[in-house]
Amino acid sequence: MFIATNRLFVPAERAEEFEAHFRSNMRTFLPGVPGLLRSTLLKPTKDDQPYVSVNEFESEEHFRAWVASDSFREAHKRNRGIARHVTGNAVETFEHAEDLVLPQQRTEAS
């Protein structure tokens, strides 16, 4: 698995519009992307933290093909609407090292 993240710094007063635009782009341009397993937008819990976009691909080759695709270009051309909300960003890539998936655990007293 290959994972690409993008940390997106958005002022709190622009967060709602940013989320709506980003969500729309995800739903429009990501379905059907070969090798894309999951796409997630994480919302910060504090004003000084960034949003984090996480895209999980089957392989780095699938990620590179997506970045070179017409779909990617169209989504990012449309991102000009998002760009006015973002004051900074940082793209990072990762290879999968480990997963720990736990069964649902009860949190209430028995």
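What you see is a predicted model; the values in this text were computed from it and never measured.

## As for the side chain of N55
With respect to the element layout, N55 can be found in strand 3 (residues 51-57). There is a polar contact of 2.6 Å between the side chain of N55 and the side chain of S39. Setting aside residues no more than four positions away along its own chain, N55 makes contact with F2, I3, A4, L30, L36, R38, S39 and W66.

## Considerations on the confidence of the model for the protein
Within the protein, residue pLDDT values average 86, and 90% of them lie at 70 or more. Put simply, helix 4 (residues 80-83) is where the protein has its lowest mean pLDDT, 61, and strand 2 (residues 36-42) is where it has its highest, 96.

## A closer look at the environment of E56
Structurally, the position occupied by E56 is in strand 3. Along the primary structure E56 and I3 are separated by 53 residues, whereas in three dimensions their C-alpha atoms are 4.5 Å apart. Ignoring sequence-local partners within four residues, the contact set of E56 consists of M1, F2, I3, G35, L36, L37 and R38.

## Quick look at the sheet that holds strand 1 (residues 2-9)
Spatial ordering of the open sheet is given by 2-3-1-4, a layout of 4 strands whose pairing is antiparallel. In the strand order of this sheet, the two ends are held by strand 2 and strand 4 (88-95), each with one partner. Ignoring strand direction, the axes of neighbouring strands in this sheet form an average angle of 10°. The pairing of strand 1 with strand 4 spans 8 bridges and is classified as antiparallel.

## Digging into the pairing of strand 1
Buried residues dominate strand 1, accounting for 6 of its 8 residues. Of the strand pairs in this sheet, strand 1 and strand 3 are connected by 7 bridges, and their pairing is antiparallel. Residue pairing for strand 3: N6 is matched across the bridge by S53.

## Considering the pattern of salt bridges
Tallied over the entire structure, the rule returns 5 salt bridges. Between R7 and E92 there is a salt bridge; the shortest N-O distance is 3.8 Å. Placement of the pair is R7 in strand 1 and E92 in strand 4, with a sequence separation of 85 residues. The class for R7 is partly exposed, based on a relative accessible area of 30%. Looking at E92, the relative accessible area reads 30%, which means it is partly exposed. Across the salt bridge formed by E60 and R64, the nearest N and O atoms sit 2.9 Å from each other. Here R64 and E60 lie together in helix 2 (residues 60-67), a separation of 4 residues that amounts to about one turn. Judged by its relative accessible area of 46%, R64 is partly exposed.

Definitions and cut-offs
- Residues numbered from 1 in each chain as written.
- Predicted model: local features only at pLDDT ≥ 70, side-chain atom pairs only at ≥ 80, totals over all residues.
- Heavy atoms only, no water.
- Helix = DSSP H or I, 4+ residues; strand = E, 2+ residues; numbered from the N terminus.
- Polar contact = N/O pair within 3.5 Å; in protein donor to acceptor, adjacent residues only side chain to side chain.
- Contact = heavy atoms within 4.5 Å.
- pLDDT = per-residue confidence, 0-100.
- Pairing = 2+ DSSP bridges.
- Axes fitted to C-alpha atoms, helices over the stretch in contact; angles between N-to-C directions.
- Buried < 20%, exposed > 50% of the residue type's maximum accessible area, 1.4 Å probe, protein only.
- Salt bridge = Lys/Arg side-chain N within 4 Å of Asp/Glu carboxyl O.

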